[in-house]
Amino acid sequence: MAKVKLGYIWLDGYKPEPNMRHKVKVIDHDGPVTLADCPEWSFDGSSTQQAEGRSSDCLLQPVAVIPDPEGKNAYLVMAEVLNADGSLHTTNVRGSFDDDDDVWFGLEQEYFLWDDGKPLGFPENGYPAPQGPYYCSVGAGRAFGREIVEEHLDICLDAGLNVTGTNAEVATGQWEYQIFAKGAKAAGDAAWLTRFLLVRTAEKYGLTINFAPKPVKGDWNGSGQHANFSNTAIREQGGKELVEKIMKSFERRHKIHIEAYGSDNNQRLTGLHETQSIDKFSYGVSDRGSSIRIPVATANNGYKGYLEDRRPAANADPYQIVKAIVGALKEA
Ligand code: ADP
Ligand code: MN
Ligand code: MN
Ligand code: MN
């Protein structure tokens, strides 16, 4: 039998946002690994703010497995955290809501490549040239860290993660990728797995990933995590009335969503830099200054297609995002 490496990934108990944790289990196995081949496992919850030292075991319940293109005979296993008795752990957002396979998501994950306390590309002292040339740029002095971004994209695609695109963003050293998945929990899993691969790839280069919504003060763009979403009704039925009914539900629930959409988001949702201010809810066709944008293609197609919630911050837990949106659609 072959030795196969299973890299378990779970979310810890840190607030306001969890960190990823990872450890490897070696099993004897021949042939492709499926979820059923991944055993339940445990970890020391007292080291992750998930348990007290005297009763420290937490359980890892595998929920998704993908090949790890970077390793030999290696896989990555996304796991939910359970209490020692098998009950839902309070930090387990994924396990706290009913899945909805009908909802599709495209999350636009923005981030900064971060080099020793500043964006990659920032000079030793002071600031680089103002924003303008960096967005979708090419060339030294404009695009910083492309090799990392391209490596990450290839690894994700090799792992079967449906990254749909990537681009250099508005600020120096800021990038985005989009991850698409069908089903709320599958979307959360895919988002966390792409993040894991991003952080690990950057680690090889001695860099970190900064997901903060406003890491550089002043006239520098913050980082968001626009959540594009649709269900069968939006995709196939459409109509202005349907979209307005859905928007009413989102408007009623604005506070719930802001709570789910990441800490420090007030620093980013200011009404400037293509955002709506955090205490207002609005929607509009093609409007990048609104909370929810109706893409022009959706509007032109009889309000059929998908919608874009522009409020989530880059640091928001993707499980919280999809949970909130599934809830809003259910209540529409
Ligand atoms: P933007 O113009 O806001 O920068 P992007 O191209 O970065 O948009 O991201 C749009 C995302 O929306 C992509 O990941 C895409 O796969 C996703 N998407 C497209 N159609 C749908 C749909 N019907 N439901 C959910 N997401 C969708
Ligand atoms: Mn985008
Ligand atoms: Mn963007
Ligand atoms: Mn967008």
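Residues numbered from 1 in each chain as written. Chains lettered and ligands numbered in written order. Predicted model: local features only at pLDDT ≥ 70, side-chain atom pairs only at ≥ 80, totals over all residues. Heavy atoms only, no water.

### Overview of the site of ligand 1
Part 1 of the argument: Close to ligand 1 lie 15 residues; Thr-164, Glu-176, Ser-230, Arg-293 and Glu-308 are nearest.
Part 2 of the argument: Glu-176 is positioned with one of its side-chain polar atoms (N or O) 3.1 Å from an oxygen atom of ligand 1.
Part 3 of the argument: For ligand 1, whose accessible area on its own is 590 Å², the fraction buried by protein is 74%.
Part 4 of the argument: Taken together, the elements giving at least two residues each to the shell around ligand 1 come down to strand 6 (104–115), strand 9 (174–182) and strand 11 (225–230).
Part 5 of the argument: Ranked by residue count, the leading element in the shell around ligand 1 is strand 6, at four residues. (Near = heavy atom within 4 Å. Polar contact = N/O pair within 3.5 Å; in protein donor to acceptor, adjacent residues only side chain to side chain. Areas by Shrake-Rupley, 256 points an atom, 1.4 Å probe, with all protein chains shown as cover. Helix = DSSP H or I, 4+ residues; strand = E, 2+ residues; numbered from the N terminus.)

### Topic: a negative patch on the surface
Part 1 of the argument: Among the surface-exposed residues, Glu-147, Glu-150, Asp-154 and Asp-158 lie close enough to one another that they form a single negatively charged patch.
Part 2 of the argument: In this fold, Asp-154 is placed in helix 1 (residues 146–158).
Part 3 of the argument: Relative accessible area serves as the criterion here: at 46%, Asp-154 is assigned to the partly exposed category. (Patch = residues over 30% accessible without salt bridge, like charges linked within 9 Å, V, L, I, M, F, W, Y side chains within 5 Å. Salt bridge = Lys/Arg side-chain N within 4 Å of Asp/Glu carboxyl O. Lys, Arg positive; Asp, Glu negative; His and termini not counted. Charge placed at Lys NZ, Arg CZ, Asp CG, Glu CD. Buried < 20%, exposed > 50% of the residue type's maximum accessible area, 1.4 Å probe, protein only.)

### Side note on the nonpolar core
In a soluble, globular protein the nonpolar side chains are often hidden away together inside.
Part 1 of the argument: Within the largest apolar cluster, 74 residues are counted, with the highest numbers of intra-cluster contacts made by Phe-105, Tyr-111, Leu-161, Phe-250, Leu-307 and Ile-325.
Part 2 of the argument: Considering every element that reaches this core, the biggest residue donor is helix 2 (residues 184–204), with 10 residues.
Part 3 of the argument: Beyond its immediate stretch of four places on either side in the chain, Leu-307 contacts Ala-227, Asn-228, Phe-229, Ile-234, Val-243, Ile-246, Met-247, Ile-292, Arg-293, Ile-294 and Pro-295. (Core = buried A, V, L, I, M, F, W, Y, C linked by side-chain atoms within 4.5 Å. Contact = heavy atoms within 4.5 Å.)

### Notes on the coordination of the manganese ion (ligand 3)
Part 1 of the argument: Listed as protein donors to the manganese ion (ligand 3) are Glu-110 (OE), Glu-169 (OE) and Glu-176 (OE); their distances from the metal cover 2.1 to 2.3 Å.
Part 2 of the argument: Look at where the donors of the manganese ion (ligand 3) fall in the sequence and you get E-x58-E-x6-E.
Part 3 of the argument: In this structure, the manganese ion (ligand 3) lies 3.8 Å from the manganese ion (ligand 2), and both are coordinated by Glu-176. The same class applies to Glu-169 as to Glu-176, namely buried. (Donors = N, O, S within 2.8 Å, 3.2 Å for Na, K, Ca; no water.)

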